[in-house]
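# Commentary on secondary and tertiary structure
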Amino acid sequence: MNDRMKHPSLALVTSVMCGAALLTACGNDGSSSVGADGKKTVSVGVSGNVFDLSIRLAEEKGYFEKQNIKIKYVTLTAATGTSALQSGSVQFLNSSPTSFLAGLAKGLPELSVAHNGGGNPLGVVVSTAFAKKHGLTAKTPADKVAKALAGSTAGVSSANTKAEAGIFLKAHGVAPDKLKWVSLPSPAADKAALAKGDVDWFITSEPIPLQVQHEGDGVVVADQTKVPEWAYEQAGYGQAVVVKKSYAKTDAATVRGFATAVQQATTYLSAHPSDDKSVLAASRKTLPGVPDDVLSAAVEQVDWPKSAKQDDAGWKKTVAFVKNGIGAVPDAKVTSDNWTNTYLP
């Protein structure tokens, strides 16, 4: 639902999709391959953000191995994820609802087989100078934060996150059009602009805002714990495991095994603290180079479901948020033909 697929480490991804490395993991028809050990290797499209944790943890805990599945990760962007799935470069895509809905709007034969993370783990991080000037801290009430942002200069690297910032501001009586918005190419550019003083604050997906705070260059003054409009309860689903319908039919056993392993992981995440040994180990692989305290804080920003099952009410809520809340995918629509719990245990 936001620029969660624009992590700064993703810049070199586009060229990867056509590389020979991908062809070793899947056949020309997009099917997965079986090795001499009898385990099936599948390519999974991930985005380098905290929502990938359920898949990384499933591997860390051996849940995929128990399903005779091996994982090959392919890092993708919002722009390349759907095309990689359709071409067969990946068999599974860890997709944001916005990307999934956009694919459906184009008539693409995609199917969501599991819900593996809820909410919008966004952070509004202001510069230390701005925080000091306006008396803002991480504990400052949302209303005071919003009022302080009125008339400020904000950095954004996604139309979706700009819209979500607008939802927050309008909820507290602040007109978004009264701010100066600076469009930047990536969250990394947001961070650089904040450090230079070119913007007073920026909004993007975690863990970047928390990392800026960790480094002493800013203060995270709003997240989904303060902004209920971003949270799972109001915004709907936050992430989905998506496959091509044809793949679900031709390799149902693998889809079932994959979805089962992911649900085991989300169940584990929902029941264990973010600094749990296994969670932290998987988090380090999900977001390499990020300090442990930042990783733990970012993991806590996601509503990890006990069950990966989906329902019609949840998808209606998601469509409403994407279509009416942030103004993306104006012709978004989901029917029972686009999602299923068939492959879940």
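Computed from a predicted model, the values in this text were never measured in an experiment. (Residues numbered from 1 in each chain as written. Predicted model: local features only at pLDDT ≥ 70, side-chain atom pairs only at ≥ 80, totals over all residues. Heavy atoms only, no water.)

Tallying secondary structure elements over the protein gives 16 helices and 11 strands in all. In terms of overall dimensions, the protein is globule-like: its C-alpha atoms have a radius of gyration of 20 Å, near the 20 Å expected for 345 residues. Projected onto the principal axes, the alpha-carbon positions of the protein cover approximately 65 × 40 × 40 Å. Looking at the 345 residues of the protein, the share that counts as buried comes to 59%. Of all intrachain contacts in the protein linking residues separated by at least 6 positions in sequence, the fraction that spans at least 24 positions is 81%. Carbon and sulfur atoms form 53% of the exposed surface of the protein, whose accessible area is close to 13700 Å². (Helix = DSSP H or I, 4+ residues; strand = E, 2+ residues; numbered from the N terminus. Rg over C-alpha atoms; globule rule 2.2 N^0.38 Å. Buried < 20%, exposed > 50% of the residue type's maximum accessible area, 1.4 Å probe, protein only. Contact = heavy atoms within 4.5 Å. Areas by Shrake-Rupley, 256 points an atom, 1.4 Å probe, with all protein chains shown as cover.)

Attention now moves to the packing of helix 5 (residues 97-105) against helix 16 (residues 312-325). Close contact between helix 5 and helix 16 brings their axes to 11 Å; oriented N to C, the two are set at 90°. In this view, helix 5 runs roughly perpendicular relative to helix 16, as classed from their interaxial angle. Across from P97, T98, F100 and L101 in helix 5, the residues of helix 16 making contact are W315, T318, V319 and V322. When its residues are assigned to classes, the contact of helix 5 with helix 16 shows 6 nonpolar, 2 polar and no charged. (Axes fitted to C-alpha atoms, helices over the stretch in contact; angles between N-to-C directions. Parallel < 35°, antiparallel > 145°, perpendicular 65-115°, else oblique. Nonpolar A, V, L, I, M, F, W, Y, C, P; charged D, E, K, R; others polar.)

Within strand 6 (residues 122-127), 6 of the 6 residues are buried, leaving the element largely enclosed by the surrounding structure. Relative to strand 9 (residues 201-205), strand 6 runs antiparallel, the two sharing 5 bridges. In the sheet register, V126 faces strand 9, and the bridge partner there is W201. Both strand 6 and strand 10 (residues 218-223) contribute to a ladder of 5 bridges, which runs antiparallel. Residue pairing in the sheet places S127 in a bridge with G218 of strand 10. (Pairing = 2+ DSSP bridges.)

Across the 10 residues of helix 14 (residues 277-286), 7 count as buried, placing the element largely inside the fold. Residues of helix 14 that are buried include every one of S278, V279, L280, A281, A282, S283 and T286, and no others. Each element contacted by the buried residues of helix 14 is listed here: helix 2 (53-60), helix 13 (252-271) and helix 15 (292-299). In this structure D276 caps helix 14, since a side-chain oxygen of it lies 3.0 Å from the backbone nitrogen of S278. (Polar contact = N/O pair within 3.5 Å; in protein donor to acceptor, adjacent residues only side chain to side chain.)

Moving on, we come to the confidence of the model for the protein. When pLDDT is averaged along the protein, the result is 91; 91% of the residues meet or exceed 70. Below a pLDDT of 50 lies the segment residues 3-29, which in the model reaches 66 contacts outside its immediate sequence neighbourhood of four places, other chains included. (pLDDT = per-residue confidence, 0-100.)

Ranked by internal contacts, the top residues of the largest apolar core, which has 54 residues, are V42, V44, V50, F64, F92 and F258. For this core, the leading source of residues is helix 13, giving 8 residues. For F92, the contacting residues outside a window of four places in its chain are V42, S43, V44, G45, L85, V241, V242, V243, Y247, T254, V255 and F258. Counting 26 residues, the second largest nonpolar core, distinct from the first, contains V124, A165, W181 and W201. (Core = buried A, V, L, I, M, F, W, Y, C linked by side-chain atoms within 4.5 Å.)

Moving on: the pattern of salt bridges. Summed over all chains, the structure comprises 7 salt bridges. Across the salt bridge formed by E60 and K285, the nearest N and O atoms sit 3.0 Å from each other. Of the two residues, E60 sits in helix 2 while K285 sits in helix 14, which places them 225 residues apart along the sequence. We classify E60 as partly exposed; its relative accessible area is 32%. D292 is the partner of R284 in a salt bridge, and the nearest nitrogen-oxygen pair spans 2.7 Å. (Salt bridge = Lys/Arg side-chain N within 4 Å of Asp/Glu carboxyl O.)

Glancing now at the packing of helix 14 against helix 15. As a packed pair, helix 14 and helix 15 sit with axes 10 Å apart at the nearest point and diverge in direction by 100°. What the angle tells us is that helix 14 and helix 15 run roughly perpendicular. Counting all contacts with helix 14, which are made through V279, L280, S283 and R284, the residues of helix 15 involved are D292, L295, S296 and V299. When the residues that make up the contact of helix 14 with helix 15 are grouped by side-chain class, the tally is 4 nonpolar, 2 polar and 2 charged.

Examined against the element boundaries, K191 turns out to sit in helix 9 (residues 187-196). Of the residues examined, K191 reaches a relative accessible area of 29% and is grouped as partly exposed. With 18 residues separating them along the chain, K191 and P209 place their C-alpha atoms 8.3 Å apart. With near-sequence residues (within four places) excluded, K191 lies in contact with F202, V212 and E215. Within the local environment of K191, its side chain forms a polar contact with the side chain of E215, the two groups lying 3.2 Å apart.

For the rest of this paragraph, the subject is the pairing of strand 2 (residues 40-46). Buried residues dominate strand 2, accounting for 6 of its 7 residues. Examined bridge by bridge, strand 1 (residues 33-34) and strand 2 share 2 bridges and lie antiparallel to one another. Looking at strand 2, one finds that S33 is bridged to T41. Taken together, strand 1 and the strand that follows it, strand 2, pair antiparallel across an intervening segment of 5 residues, in which G38 is found at a positive phi of about 85°. Sheet topology note: the strand 2/strand 3 (residues 69-75) ladder contains 7 bridges and is parallel. Each bridged residue has a counterpart across the sheet, and for V42 the counterpart in strand 3 is I71. In terms of strand pairing, strand 2 meets strand 4 (residues 92-95) through 2 bridges, oriented parallel.

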